[in-house]
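# Examination of the molecular architecture
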Amino acid sequence: MTLSTSDSRERTRLIGTMFGRIAGRYDLLNRIMTGGFDQRWRRLAVREAMAGGGHDFLDIGTGTGDLALALAREPGVGLVAGFDLALPMLRLAAARPRGGWVSFGLADATALPFRDASFDAVTTAFMLRNVPDVPAALTEAHRVLRPGGRFVCLEITRQDGGLFARLTANYLKHLVPFFGRRISGDPGAYSYLPQSVERFLSATELRTAILSAGFEAARFRLVGPAGVALHVGRA
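Now for a look at the structure at hand. (Residues numbered from 1 in each chain as written. Predicted model: local features only at pLDDT ≥ 70, side-chain atom pairs only at ≥ 80, totals over all residues. Heavy atoms only, no water.)

## Observations concerning the overall build of the chain
We apply this condition: Per the convention used, a helix needs a DSSP run of H or I reaching at least four residues, while a strand needs a run of E reaching at least two, with both numbered from the N terminus. Per-residue accessibility, obtained with a 1.4 Å probe over protein chains only, is compared with the maximum for each type, and a residue is labelled buried under 20%, exposed over 50%, and partly exposed between these values. Between two residues, a contact is recorded if the distance between any of their heavy atoms is within 4.5 Å. Using the Shrake-Rupley algorithm and a 1.4 Å probe, accessible areas are obtained, with residue cover drawn only from the displayed protein chains.
Helix and strand content of the chain: 9 helices and 7 strands. In the chain, which comprises 235 residues, the proportion classed as buried is 50%. Across the chain, the fraction of contacts at a sequence separation of at least 24, relative to all contacts at a separation of at least 6, is 69%. Total accessible area computed for the chain in this model is approximately 11000 Å², and 56% of it derives from carbon and sulfur atoms.

## Digging into a positive patch on the surface
Here is the rule we go by: Patches draw on residues past 30% relative accessible area with no salt bridge. Two like charges within 9 Å are joined, as are two nonpolar side chains (Val, Leu, Ile, Met, Phe, Trp, Tyr) within 5 Å. Salt bridges are counted wherever a side-chain nitrogen of Lys or Arg sits within 4 Å of a carboxyl oxygen of Asp or Glu. His is not counted, nor are the chain ends; Lys and Arg add positive charge and Asp and Glu add negative charge. Where a charge sits is defined by one atom per residue type, namely NZ (Lys), CZ (Arg), CG (Asp) or CD (Glu).
On the surface, a cluster of positive charge is made up of R40, R43, R47 and R221. Counting through the fold element by element, R47 comes out in helix α3 (residues 37-50). You can call R47 exposed: its relative accessible area is 57%.

## A closer look at unusual backbone geometry
Although it is not a glycine, A117 adopts a positive phi angle of roughly 55 degrees. Tracing the backbone through its elements, the reader meets A117 in the loop between β3 (101-106) and β4 (119-125). According to the relative accessible area criterion, A117 is partly exposed, its value standing at 35%. Of note in this structure, A217 is not a glycine but carries a positive phi near 50 degrees. By the secondary structure assignment, A217 is in strand β6 (residues 216-222). Its relative accessible area of 48% is what places A217 among the partly exposed residues.

## Describing the packing of aromatic side chains
Condition: The pairing test for Phe, Tyr and Trp rings, Trp by its six-membered ring, is centres within 6.5 Å, and the orientation test on the planes gives stacked under 30 degrees, edge-to-face over 60, and tilted for anything in between.
In this structure the tally under the stated criterion is 5 aromatic pairs. Taken together, the aromatic side chains of F37, W41 and F126 make up a single cluster linked through ring pairs.

## Some words on the nonpolar core
Condition: The definition of a nonpolar core used throughout is a set of buried Ala, Val, Leu, Ile, Met, Phe, Trp, Tyr and Cys residues joined through side-chain atoms within 4.5 Å.
Core analysis: the biggest nonpolar cluster contains 30 residues, and F57, V80 and L154 have the highest contact counts within it. Every element with two or more residues in this core is listed here: α3, α4 (66-72), α5 (87-95), β3, β4, β5 (145-156), α8 (187-198) and β7 (228-234). When residues no more than four places from it in sequence are discounted, the contact partners of L154 are W41, R42, T124, A125, F126, V223, V228, A229 and L230. Core analysis: the next-biggest nonpolar cluster, separate from the first, contains 27 residues, A81, M127, A213 and A218 among them.

## Section: the side chain of D56
The condition is simple: In protein, a polar contact requires one atom able to donate a hydrogen and another able to accept it; more generally it is a pair of N or O atoms within 3.5 Å, and residues adjacent in sequence count only if both atoms are side-chain atoms.
As for its placement among the helices and strands, D56 is situated in the loop between α3 and β1 (57-60). Judged by its relative accessible area of 14%, D56 falls in the buried class. Polar contacts involving the side chain of D56 include one to the main-chain amide nitrogen of L79, which spans 3.4 Å. Residues in contact with D56, not counting those within four places in the same chain, are G78, L79, S118, F119, D120, A121 and R146.

As structure tokens, this is what we get:
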């Protein structure tokens, strides 16, 4: 289904508001629900982003800044810009200890406030499935990358069929909302999580979408359960 521009904007606003509501417990719930593996997955994303030897980095959907701050601590990194829709998330990110030159700001992934070819790498973690227009977000990521720059995406992708896929679906459908209700006090936000995965792309379909946005040599590997995949493309 294709959303109209007004519908897309309204959904974007609602998602930003929802993540703002759970900002204070977001990191804690991530650690609990993934057994701490979300940190390991982000380190893998940092390694892929740094493999291109870049200097300037953009983290889209930065949330509380985990990935952006990890990038800023890497040797040789210049500017790291972290952007998100949820102001409460950004306030938490800005208050965290940091190394290097990091800036945070509000932005929609489908309309980034940067000139063409501004960054050596664009990263995103667990954001893309929340975007109403995934092709537009991928096209924007490609636009702001310098030639040869890297796009690194960490995301929960849809799994189709098989016992493990059913076990994952049950975990997302039942246990995630339970933790969300008990810890965040916002069961609606964590009921949204399984829905966002169900209507998102499979890892293979996401690779195809990345290629369609103009990237070259797109590849992925599954790095965790529940379809957690790390995609890398080159501008």
